[in-house]
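In case you want the letters, here they are:
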Amino acid sequence: MKCDLHVHSAYSGTLPVAILRHFFLESYSPPADVYATLRKRGMDLVTLTDHDSIGGAEELRRHPDFFVSEEVTCRMPSGTQVHVGVYDLTERQHSEISRRRNDLIRLLCFLSEQRLFFTVNHVFSSVTGRRDADDFKWFADYFPGVEGRNGQMLPAANRHAAAFAKRKHKVQVAGSDAHALASVGTTYTEVPGARNKDEFFAGLKAGCGQLGGQSGSYWKLTRDIYLLCREMMREDYWTVLLTPLLALVPAGVGVNYLCDVYFVRRWGGRVNPLSMGARRLVRESQKQPA
């Protein structure tokens, strides 16, 4: 069975950037369209991981292959932020998670008590801001899963995430991190032989999961941002006035990727001091069961 374990819909809220948050959503994809696209691209199970929201689940609960998940924005003891993927939860559990997400220790206690499977997402990316060395100790000691392949992150960031997961004996997952329909289902987690959701997660926890699909690239992210801009202009016609600013998108994506390159080199070298031979082994290992 295949499942894209990191995908967004129009319920992910506004873009967390000072001015842009007033008129730019993280995603404009209707949940029904995300569902249809995932199924079309071969996903056997479907979920949404919207930011701190399960609102999109209401439209999809009627599908027997759908389960509720979310991507929780959590504050670490160091003061940094991290995105935590939490899977197959109930509405009550979501409410309790929302109350605890600014206190990592309380959140971890609750997730463990409820036996919920959770992961730390895009570990080696600057998408949530700065990182602290102590954060990686928390990831290593208390998180059962690591996102080993993210469809929007640099291949180097994914290689280091996979290496970190293997060194710390963590379950690996993969997801597209799609905010636009073009990327939905292009990165996924597969558990061969699983016949339903319970068997999928049992196989995943037993180490039978495989990471499939693409990593990110400059061109892929640039395309998706242009698609988001197009959807924004369709929804709010007045934003057509911002069209001249679209010329800045390639430069903005370039700056973003330079920041991520620096982030990967800084933290990857400290957390995963790999030789070139070890790097080749990590690349090969990503083709094998996680």
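This text follows the structure it describes.
Here we summarise the structure given alongside this text. (Residues numbered from 1 in each chain as written. Predicted model: local features only at pLDDT ≥ 70, side-chain atom pairs only at ≥ 80, totals over all residues. Heavy atoms only, no water.)

## Observations concerning the packing of helix α7 (residues 218-235) against helix α8 (residues 249-271)
Move 1: Running from N to C, α7 and α8 point in directions that differ by 135 degrees, and their axes come no closer than 10 Å. It follows that α7 is oblique to α8 by the angle criterion. Crossing angle aside, the handedness with which α7 passes α8 is right-handed. Across the interface between the two elements, Tyr218, Leu221, Thr222, Ile225 and Tyr226 of α7 pack against Val249, Pro250, Val253, Gly254, Asn256 and Tyr257 of α8.
Move 2: Partitioned by chemical class, the residues of the contact of α7 with α8 number 8 nonpolar, 3 polar and no charged. (Axes fitted to C-alpha atoms, helices over the stretch in contact; angles between N-to-C directions. Helix = DSSP H or I, 4+ residues; strand = E, 2+ residues; numbered from the N terminus. Parallel < 35°, antiparallel > 145°, perpendicular 65-115°, else oblique. Left-handed = near helix turned anticlockwise from the far one by under 90°. Contact = heavy atoms within 4.5 Å. Nonpolar A, V, L, I, M, F, W, Y, C, P; charged D, E, K, R; others polar.)

## What to know about the sheet that holds strand β2 (residues 69-75)
Strand pairing within a sheet occurs via backbone hydrogen bonds; the two strands may be parallel or antiparallel.
Move 1: Strand order in the open sheet formed by 5 strands is β2-β3-β4-β5-β6, and the pairing between neighbours is mixed. Because the sheet does not close on itself, it has two edges, and the strands there are β2 and β6 (171-175). Averaged over neighbouring strand pairs, the angle between their axes works out to 35 degrees when direction is ignored.
Move 2: In this sheet, strand β5 (residues 145-150) lies alongside strand β4 (residues 117-120) in parallel orientation, the contact comprising 2 bridges. Counterpart to Thr119 in the pairing with β5 is Gly145. (Pairing = 2+ DSSP bridges.)

## Overview of the sheet that holds strand β7 (residues 187-190)
Move 1: Within the open sheet, the 3 strands sit side by side as β1-β7-β8. Their pairing is antiparallel. Two strands bound the open sheet, and with one partner strand each, they are β1 (2-3) and β8 (210-213).
Move 2: Of the pairings in the sheet, the one linking β1 to β7 comprises 2 bridges and is antiparallel in character. Residue Lys2 lies in a different strand from β7, and its bridge partner there is Glu190.

## Here's the deal with the nonpolar core
Move 1: Ranked by size, the top nonpolar core spans 53 residues in total, and within it Ile97, Phe124 and Phe139 carry the most contacts.
Move 2: Those elements that provide at least two residues to this core are α1 (31-40), β2, β3 (81-87), α3 (104-113), β4, α4 (133-142), α5 (155-167) and α8.
Move 3: Top contributing element to this core by residue count: α8, with 7 residues. (Core = buried A, V, L, I, M, F, W, Y, C linked by side-chain atoms within 4.5 Å. Buried < 20%, exposed > 50% of the residue type's maximum accessible area, 1.4 Å probe, protein only.)

## Notes on the pairing of β5
Move 1: When you tally the buried positions in β5, you get 6 out of 6 residues, the bulk of the element.
Move 2: Considered for its hand, the β-α-β crossover made up of β4, α4 and β5 is right-handed.
Move 3: Where β5 meets β6, 5 bridges bridge the pair, whose relative direction is parallel. If you follow Asn150 over to β6, its bridge partner there is Gly175.
Move 4: Chirality of the crossover, the property in question, places the unit of β5, α5 and β6 among those that are right-handed. (Right-handed = clockwise from strand over helix to strand, strands pointing away.)

## Some thoughts on α4
Move 1: Among the residues making up α4, those that are buried are Asp135, Phe136, Trp138, Phe139 and Ala140.
Move 2: On the buried face of α4, the contacting elements are β3, α3, β4, α5 and α8.
Move 3: One side-chain oxygen of the residue at the start of α4 lies 2.9 Å from the amide nitrogen of Asp134, identifying that residue as Asp132. (Polar contact = N/O pair within 3.5 Å; in protein donor to acceptor, adjacent residues only side chain to side chain.)

Function cannot be inferred from these measures alone, as they are strictly geometric.
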